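Observations on the three-dimensional arrangement
So the chains spell out like this:
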Protein chains: 4
Amino acid sequence: MNSWDELLSPYKQAVEELKVKLKGIREQYQKSSNHTPIEFVTGRVKPVSSILNKAARKQISFEHLEQEIQDLAGVRIVTQFVEDIETVIELIRKRTDFEILEERDYILEQKPSGYRSYHLIIFYPVQTIHGEKKIQVELQVRTLSMNFWATIEHSLRYKYSGEIPEDISMRLMRASEAAFKLDEEMSIIRDEVREAQRLLLAKHHSQDVQ
Amino acid sequence: MNSWDELLSPYKQAVEELKVKLKGIREQYQKSSNHTPIEFVTGRVKPVSSILNKAARKQISFEHLEQEIQDLAGVRIVTQFVEDIETVIELIRKRTDFEILEERDYILEQKPSGYRSYHLIIFYPVQTIHGEKKIQVELQVRTLSMNFWATIEHSLRYKYSGEIPEDISMRLMRASEAAFKLDEEMSIIRDEVREAQRLLLAKHHSQDVQ
Amino acid sequence: MNSWDELLSPYKQAVEELKVKLKGIREQYQKSSNHTPIEFVTGRVKPVSSILNKAARKQISFEHLEQEIQDLAGVRIVTQFVEDIETVIELIRKRTDFEILEERDYILEQKPSGYRSYHLIIFYPVQTIHGEKKIQVELQVRTLSMNFWATIEHSLRYKYSGEIPEDISMRLMRASEAAFKLDEEMSIIRDEVREAQRLLLAKHHSQDVQ
Amino acid sequence: MNSWDELLSPYKQAVEELKVKLKGIREQYQKSSNHTPIEFVTGRVKPVSSILNKAARKQISFEHLEQEIQDLAGVRIVTQFVEDIETVIELIRKRTDFEILEERDYILEQKPSGYRSYHLIIFYPVQTIHGEKKIQVELQVRTLSMNFWATIEHSLRYKYSGEIPEDISMRLMRASEAAFKLDEEMSIIRDEVREAQRLLLAKHHSQDVQ
């Protein structure tokens, strides 16, 4: 096993375990016939080339990689509605199988680029063949629209090596606004659906009583 | 095996095979370092309760189910950009492992509800333990935005048993317009990205030549 | 969600998590180029019909099912060599993500039927949408031969509703002996392979020194 | 995409498709409540290092690899009983989604090493992004015992670079005989189980008639 495999092996394991755990949450909601706050879950270990770039840019030595780069393991939880994000965060906070190190709310305060997401850094215990090891994992919680936009922005950022030309940057901002608008429209419908359901249930109830 | 299991078993098999085949296309693009026109692929066999509803509504007998209900098996191919849809359709038309029975373009002509997608009905051969059987499968090709909107609309349609109240219907139309707007903004960026790449490559080429 | 789904949902989740965790152990060994003590891992939740049979036979009420039936969730770890079983047990004992409630060694003392396996009952914490829940899971550790025989015996036991006719029972015992013999032959080779490797390494070392 | 990725990409795809197809056969049997002739299915693309070794040993150039090395893609179908192998072969012969190029029966005529398996070389059409491509795939059909032994033998052969010392070779032969004996004992039980079932059904029938 080379040193990269050795370094990243527990991160890969953590991603696999968290994916199974969070997909399980999704299934529990589906079986209970309630709206599931989790639309889908993805995860990845940061590619070695991206680690090297980040380490070079921030002058991090191999020995400090695990401490300094908090997204070696990343798990993304995507929701339908903005309101679902809070539900997901509550579910994460309640769990006893890992600790939360920090939280960053890029939805309340979106990044200048237009990026929106809720980030949590957790400290996750992995059982290796040499015993338990606790590692940092970044959880990202976002809506489908936020995710769509972020995927596009990420590929552009990658293509321009981080320095996106201003005109394209402005276009991205406009797309981000369109994504935000879509989230708003969806949220409005969500409230109406709930209201409609409440009225319907109330009507049924009154009929049953008569 | 009950009669539903027996009826739906080859449809389940077709969905599994088509998912593996189309995900394979995605991987081929990724390995070739080209923009992949396929973001993700999902599939499902129509739940028995939905089949019964549709059969009752359209007065279809059990014997005619397979012929009359074209979406017993459904596979969805989701793209990042509107332009990717055409690429996916071309890939599907080139394949020799099934026939295309019909195509319906709900993007050029969106449904009154606001629904947009490109549909293809294919005739797919499944090898069962009793020999080959050809069945109909519906392929839906759509962007992430179209898919997002359609998912919401489907759950509302389900909740209101197909008759969505007019005010919610109008809200859905507005959300559909927001989704359309997002697709447009993304398309504009896509062109710029391509243009930027073309310029960059041209510049590199001229430098190499000098 | 019906009461069976509700009861079994955390057991299903535990099986999925343990499969990912134990398969991860297998991968860690493979990457480290060492002989992996784990050949494959399978898991299942006990089918409702089997639960009902067992409950009827042992007169267990629905309220006591979770306490009295220890194999509602079962995970099987299959090894190539008998010697690997001890290594797997040690790995399980070292883990900090669950407790071991009891261990039963049906290899040292095989069952009268010819059944051989090492069983551990663990107490595993699952995070549900209502909080943490600790459940019992049965881990079975056995060689490929033991597993092969047990699979056959299980299907016969099922067919004869637990009462296998004596002549078939004797045939099963003979098959069990053949499986045991195969394990022994394999163990002998294993030792020779190790010895051969030791000699080879020693030879290389002496050559390097000269 | 480097040339190895490019060469092996359709082989990887063929393996994935055949695994889904053959696992589907297994599920069809399970749903029909009949004994399934397929216990499990595995598959792999030959590792580049093994391809290079074989090419060097047999003096095959890169251009002739695809024609000369027939097991670039390999799929293994493992059965419980020797008798199931024939059933699997018949299922394979009936399929219309590929052609059979040749068959080799190493069960009727086992290799001098003790190796037993039934091999079929098929010509399988893969749909690539550049159109259809037909490639060779090796299917191996064998019992659990044969598979167990072959796995051990393969790892020893690998360790001794193909030249297993005579004393270990003899040990392997003895293990192969033990595996063969286990298959025989299992076959005898299988016949008895069938006979028992036939008697039972006959008895039920006579009772129903009275």
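Look up a bit, the structure's there.
Predicted model, so just to flag it, every value in this text is computed and none were measured. (Residues numbered from 1 in each chain as written. Chains lettered and ligands numbered in written order. Predicted model: local features only at pLDDT ≥ 70, side-chain atom pairs only at ≥ 80, totals over all residues. Heavy atoms only, no water.)

The next point concerns helix 5 (residues 144-159) of chain D. When the terminal C-alpha atoms of helix 5 of chain D are compared, their 23 Å separation across 16 residues agrees well with the 22 Å that a helix rising 1.5 Å per residue should span. A positive phi of about 50 degrees marks Ser 161 of chain D, the residue just after helix 5 of chain D. (Helix = DSSP H or I, 4+ residues; strand = E, 2+ residues; numbered from the N terminus. Expected span 1.5 Å × (residues − 1).)

Each partner contributes residues to the interface: chain D has 27 residues there, and chain B has 27 residues. Taking both partners together, chain D and chain B bury about 2,500 Å²; carbon and sulfur atoms supply 53% of that area. Inspection of the region where chain D meets chain B yields two salt bridges. In this structure, Glu 27 of chain B and Lys 12 of chain D form a salt bridge, with 2.9 Å as the shortest nitrogen-oxygen distance. (Contact = heavy atoms within 4.5 Å. Buried area = accessible area lost by both parts, 1.4 Å probe. Salt bridge = Lys/Arg side-chain N within 4 Å of Asp/Glu carboxyl O.)

Residues and elements named next belong to chain B. Those residues of helix 2 (residues 48-58) that fall on the buried side of the exposure criterion are Ile 51, Lys 54 and Ala 55. Looking down the long axis of helix 2, one finds its buried residues gathered within 100 degrees of arc, a one-sided arrangement. Summarising the geometry of helix 2, the exposed residues directed more than 90 degrees from the buried face are Ala 56 and Arg 57. Contact partners of the buried residues in helix 2: helix 1 (3-31) and helix 3 (65-68). Positive backbone phi, approximately 50 degrees, marks Gln 59, located one or two places after helix 2. (Buried < 20%, exposed > 50% of the residue type's maximum accessible area, 1.4 Å probe, protein only. Arc of directions from axis to C-beta.)

The next thing to look at is the relation of the copies chain D and chain C. For these two chains of identical sequence, chain D goes onto chain C by a turn of 180 degrees and a shift of 0.0 Å along the axis, with RMSD 0.0 Å. The transformation relating the two chain copies, once decomposed into turn and shift, fits a two-fold axis. Across chain D, the smallest distance between a C-alpha and the rotation axis is recorded for Ala 178 of chain D, namely 3.3 Å. Mapped onto chain C, 100% of the interface residues of chain D again fall at the interface, so both copies present the same surface. (Least-squares fit on C-alpha atoms with pLDDT ≥ 70 in both.)

Whether parallel or antiparallel, the strands of a sheet pair through hydrogen bonds between backbone atoms. All names here are of chain D. Sheet architecture is open: five strands sit in the order 1-2-5-4-3, paired in mixed fashion. Strands with a single pairing partner mark the edges of an open sheet, and in this sheet they are strand 1 (40-45) and strand 3 (99-105). Taken pair by pair, the neighbouring strands of this sheet meet at an average axis angle of 25 degrees, ignoring direction. The pairing of strand 1 with strand 2 (residues 73-79) spans six bridges and is antiparallel. Its bridge partner lying in strand 2, Val 45 is registered against Ala 73. Each of strand 1, strand 2, strand 4 (118-128) and strand 5 (131-143) is contacted by helix 1 (residues 3-31), which is oriented at about 175 degrees to strand 1, the strand it contacts most. Docked against the sheet, helix 5 engages strand 1, strand 2 and strand 5, running at close to 100 degrees with respect to strand 5. (Pairing = 2+ DSSP bridges. Axes fitted to C-alpha atoms, helices over the stretch in contact; angles between N-to-C directions.)

Note on the identical chains: chain D maps onto chain B by a rotation of 180 degrees and an axial translation of 0.0 Å, with an RMSD of 0.0 Å. Counting the interface residues of chain D, we find that 100% of their copies in chain B are interface residues as well, pointing to one common contact surface.

Bringing the pattern of salt bridges into the picture now. Think of it this way: side chains of opposite charge can pair up when their charged atoms draw near. All names here are of chain A. Counted under the stated rule, the structure contains 64 salt bridges over all chains. Asp 71 is the partner of Arg 44 in a salt bridge, and the nearest nitrogen-oxygen pair spans 3.7 Å. Of this pair, Arg 44 sits in strand 1 (residues 40-45) while Asp 71 sits in the loop between helix 3 (65-68) and strand 2 (73-79), and the two are 27 residues apart along the sequence. Because the salt bridges share partners, they merge into one network encompassing Arg 44, Lys 46, Lys 54 and Asp 71.

Attention shifts here to the interface of chain D and chain C. How big an interface is tends to be reported as the loss of accessible area on association of its parts. The partner chain C presents 31 residues to the 31 residues of chain D that form the contact. Summing the contributions of chain D and of chain C, the shared interface buries around 2,900 Å²; its carbon and sulfur component is 73%. The largest contributions to the chain D side of the interface with chain C come from Phe 148, Arg 171 and Ile 189 of chain D, which together make up 22% of the buried area. Scanning the region where chain D abuts chain C turns up two salt bridges. Where Arg 174 of chain D meets Glu 185 of chain C, a salt bridge forms, and the shortest distance between an N and an O atom there is 3.1 Å. At the boundary of chain D and chain C, one finds two residue pairs in polar contact (both at pLDDT 80 or more). Of all elements in the fold, only helix 5 and helix 6 (166-209) of chain D reach the threshold of two or more residues within the side of chain D that touches chain C. Class assignment for the residues of the side of chain D that touches chain C results in 18 nonpolar, four polar and nine charged. (Polar contact = N/O pair within 3.5 Å; in protein donor to acceptor, adjacent residues only side chain to side chain. Nonpolar A, V, L, I, M, F, W, Y, C, P; charged D, E, K, R; others polar.)

All quantities given are derived from atomic positions and should not be read as evidence of function.
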